[in-house]
Each structure stands twice: as C-alpha cells, then as structure tokens.
Amino acid sequence: MSETEEEQPDQLLQGSPALQGERVVFTGTLASMTHQKAGEFVEEHGGQAAQHVSRQTTLLVVGEEGWPLEADGSPSVNLTHAQELIAEGVAIQIIKESDWLALIELREPGVNVDQLYTPAMLTQMLDIPVGTIRRWERQGLIKPARKIYRLPYFSFQEVASVRRLSQLLESGVNPRELESSLQHLGKFFNEIDAPLSQLTLLAQDAQLLLKDERGLIDPRQGQRVFDFGTAETEVPELADEETFEGTIEFTEHLKPAEPVDRSADEWFDEGCQLLDAGEAKPAIEAFRLALLGQPDMPEAHLHLAEALYLDGKAEGALERYYAAVEWDHDYIEAWTQLGCLHNELGDPEAALQAFEIALRVHPDYPDAHLHKAEVLHQLNRVEEAVPHWKIYLDFDEMGPWADLARQRLQEYDDGEDLQFP
C-alpha cells in the first residue's frame, strides 16, 4: 500500500470492493458466519485469507458477536499484534465485521447487525435461555430498542456483548482486567461506554449478595443464603464442628416462614428470581401471592404459566396464559405461547387461531410467523406455510430457526408434490 492509501483508509475501502491484493485476517467471533466461510469469501473476491496477523496483513476484520477478547479477558492476539505492527509503520487497516460485509456487498444469510430481535430469536441464535434475557433486561444490562405490545426487541450486538462479558466473569476473569481490555478496544471502536456499564453491573452482580427483610439472596440464582459475616445475624453454635466462614444455601427445612406483608411487585420479583434459578414450585407460590395482591398483572400470569409448565403442569399453564390475554388482549407473547402449548397438547387448530390473533395484533411478529408455518406444515398445508417462512427469513437469516425455514422452503422448491409426515 502507498502512503496515500494509509492516510485515507475510507477511500481505500471504497476503491477496493473486490479485495484485490488484500491479505485479510479475522479476529473475534463473527456474527454472520464462521471464520472458514469468511475466508472463502475473501478468496472469491480476489484477496488472500490468513489466520494470523503478519507484516503482509493489510486488513484485520473484527467480529461483532461479543468482543474480541481471549479466554483470560485480554484483547485478542491478532488485534494486539496488529496494533504493534501499526505502531511500527505497517499499513494495516482495522474494520468491523459489518463494514467488511458492506465492502464486499455480501447478501448471504447471516446476522444483520442493524436488525432487532425478539428474546425467542436471540435464544436460538445465541443459546441463551429466554429467562436469562429477561433477567438482564430487569437488571438494566440490556435495554430494548423498542417494545410492541409488551414484546421487547433487542440489538443483537448488545445481547452478544453481555453474554461474552458474563462468560468471562463466570470463568474467573478479574473485572478490572476486563475493564482495561475494553478501554484498550475503545481505541478502535466508539461503542465502548455501553459494555463498560454492562461490565460494572455484571461485576456487581457476581460479587454482591442482596439483602432484604428476610436476609441475603444471591441475585444471579435467586437463592437464599446464610449470612455468617454480619453482627446482626445470630449463628447457632455447632458443637464439635470447625468454624465455617462464607455462605451456604438454605435447604427447604431451614427456610424461614414467608412474611405476608410484601407487595405484589415484590412477590413478582421474587418469583422471577426463583424461576430464573429453575425453582418452579416456590416460583409458583410467589407468583400466586403476587396475583392475590394484584390480579390484573398480565406479566405475573404469563410467568406463572411458565413456572407451571416447568413443573409439568401443562394444563394449568394453558389456563394462566389465557388469564394473561384476558387482562391484556394484545399480549402477543402470551398468544404465541398459547399457540405453542395448544399444539403440544394435540390441538393444532386452536394453535393456529392463537397465532392468527398474535399476527392480527402485530403482523410483523417473526416468532408467530415461524410457529404458524410449522403447524401448517404439520397439517400438510404447505402452500399456506410458505409465505410465513419467507416472512420469518426477512427478520432472521442466522440460527436454527432460520436454517429450519430455509430447509422447509428448499423442500417445497424441490417438489411441490412432496408429502410430509
């Protein structure tokens, strides 16, 4: 590259759409495809793909699923090496994955980083439980870009960022080291304030126990713990036992009696924490107590339905989903869950009716389109299902659901007379 090219990187990108003469390295996890597939696209567009940064590297592409951080929380080796070479005068350009995709004008399936996704879609794409996404929203770690009839839509990058930081903290990486790494990445990217705030909240969540009138609770698991380290807590003497310092979880017979003077919102929060921890039975009781105080809480009915389903009480869950839509007829998540559960219980026609109501409320709801298509496919009404698969792919091009929709459409294109079981 010439000095002029080095001084005007934006012009360089615009002038090299075919990657002719470029030697490209990828770092971090790509949102749109694997590194191997990305390398193939580089070769197809006239460039050379390499795994490691060297003096011959001209372009370093940083993946946008999370952050380019190693297992110990440090910036990726390739990014660090590229920075060192740039300091020595080597002309290496560092760009984001989305900019690289625009550079080669790629329209292959993958994540559109500007697209917004529902919790269920992110669950499939990032392998994060829906309950975890909801908990992160309650904690302020992620904020919906918009809400439609109680349904939140999130940025893929924001959720992927929290997942990556959470994984690193859970693996034992020091929060201060992560903060230093993020500050280092800030030299290359402008979007650094949000992940730093996420890191602060995650670190606090990992280190602190919350205290209420009943004692201590682990906010990550929603579980009660003994407090052995405060003067206010009386610890029974244990004969012939070694002194124990720290925290242990309450067993069922040691849990104190539940007070009855808590607000509906407090019981709801308690139920959410218990449900996040997979404790269905106490979550059911907490949500019931919330509804005793405030029966017109559609969210509490929906969460109670989920807890009942987790506890193996599908029929009870069905009724609670109906209670949710009785209090809020436009609760599209509840209608969609009703459809899924009706189909699971052997009533596909009732399922289709529920999905249709959800789509009348919100015609662009991707989850409902996919679920409706699958039930129509199950009933051998494939021609009716095709438009719904296509609409779903307008919103999502990556992940198991997108793969399923493409597979179904391919089957239909290969032969319209196909008979499906």
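Residues numbered from 1 in each chain as written. Predicted model: local features only at pLDDT ≥ 70, side-chain atom pairs only at ≥ 80, totals over all residues. Heavy atoms only, no water.

Student: Give a detailed account of the overall build of the protein, specifying residues and quantitative values.
Tutor: When helices and strands are tallied, the protein shows 19 helices and 10 strands. Here the protein, with 421 residues, has 48% of them falling under the buried criterion. Contacts in the protein between residues far apart in sequence, at least 24 positions, make up 63% of those at least 6 positions apart. Surface accessibility of the protein: about 21600 Å² in total, with carbon and sulfur atoms responsible for 47%. (Helix = DSSP H or I, 4+ residues; strand = E, 2+ residues; numbered from the N terminus. Buried < 20%, exposed > 50% of the residue type's maximum accessible area, 1.4 Å probe, protein only. Contact = heavy atoms within 4.5 Å. Areas by Shrake-Rupley, 256 points an atom, 1.4 Å probe, with all protein chains shown as cover.)

Student: Go over the confidence of the model for the protein with me, naming the residues and quoting the values.
Tutor: Chain-level pLDDT for the protein is 78 on average; 74% of the residues reach the 70-or-more range. Counting interchain partners and residues more than four positions distant, the pLDDT-below-50 stretch residues 224–259 has 42 contacts. (pLDDT = per-residue confidence, 0-100.)

Student: An account of unusual backbone geometry is requested, with residue identities and associated values reported.
Tutor: One non-glycine residue with positive phi stands out, namely tyrosine 149, at about 50°. Looking at the element boundaries, tyrosine 149 is found in the loop between β6 (146–148) and β7 (151–155). Judged by relative accessible area, tyrosine 149 falls into the partly exposed class, the value being 42%. Phi is positive for asparagine 380, close to 65°, though the residue is something other than glycine. For asparagine 380, the position within the fold is in the loop between α17 (366–378) and α18 (382–395). A relative accessible area of 42% places asparagine 380 in the partly exposed class.

Student: Residues and numbers for the pairing of β7, please.
Tutor: Judged by how many residues are buried, β7 sits mostly within the fold: 5 of 5 residues are covered. The two faces of β7 match: Leu151, Tyr153 and Ser155 on one face and Pro152 and Phe154 on the other face are all buried. Across 2 bridges, the pairing between strand β5 (residues 116–117) and β7 is antiparallel. Bridging from a neighbouring strand, leucine 116 pairs with serine 155 of β7. Strand direction decides the pairing type here: β6 and β7, joined by 3 bridges, are antiparallel. Paired with lysine 147 across the two strands is proline 152, which belongs to β7. Adjacent in sequence and paired antiparallel, β6 and β7 are bridged by 2 residues, among which tyrosine 149 carries a positive phi angle near 50°. (Pairing = 2+ DSSP bridges.)

Student: Tell me about the pairing of strand β3 (residues 59–62), residues and numbers included.
Tutor: Residues Leu59 and Val61 line one face of β3 and the alternating positions Leu60 and Val62 line the opposite face, and both faces are buried. Where β3 lies against strand β4 (residues 93–96), 4 bridges are found, and the strand directions are parallel. Its bridge partner lying in β4, valine 61 is registered against isoleucine 95. In terms of handedness, the path from β3 via helix α4 (residues 77–87) over to β4 forms a crossover that is right-handed. (Right-handed = clockwise from strand over helix to strand, strands pointing away.)

Student: So, the sheet that holds strand β1 (residues 23–27): which residues are in play, and what are the values?
Tutor: With parallel pairing, 4 strands are arranged side by side in an open sheet as β2-β1-β3-β4. Edge positions in the sheet fall to β2 (48–50) and β4, since each has one partner strand and no second. Neighbour to neighbour, the strand axes of the sheet diverge by 30° on average, direction disregarded. Contacting β1 and β2, helix α3 (residues 35–44) crosses the sheet at an angle of about 160° to β1. (Axes fitted to C-alpha atoms, helices over the stretch in contact; angles between N-to-C directions.)

Student: Could you give an account of a negative patch on the surface, with specific residues and numbers?
Tutor: Taken together, the side chains of Asp261, Asp265, Glu266 and Asp269 define an acidic patch exposed on the protein surface. Relative to the assigned elements, aspartate 265 resides in helix α11 (residues 264–276). (Patch = residues over 30% accessible without salt bridge, like charges linked within 9 Å, V, L, I, M, F, W, Y side chains within 5 Å. Salt bridge = Lys/Arg side-chain N within 4 Å of Asp/Glu carboxyl O. Lys, Arg positive; Asp, Glu negative; His and termini not counted. Charge placed at Lys NZ, Arg CZ, Asp CG, Glu CD.)

Student: Run through α3, naming residues and quoting values.
Tutor: Turning to α3, its buried residues number three or more, namely Ala38, Gly39, Phe41 and Val42. Here the buried residues of α3 occupy an arc of 160° about the axis, which is enough to place them on one side. Looking at α3, the residues exposed on the side facing more than 90 degrees away from the buried face are Gln36 and Glu44. Tucked into the core, α3 has its buried residues touching β1, β2 and α5 (97–103). Following α3 by one or two positions, glycine 46 adopts a phi angle in the positive range, close to 90°. (Arc of directions from axis to C-beta.)

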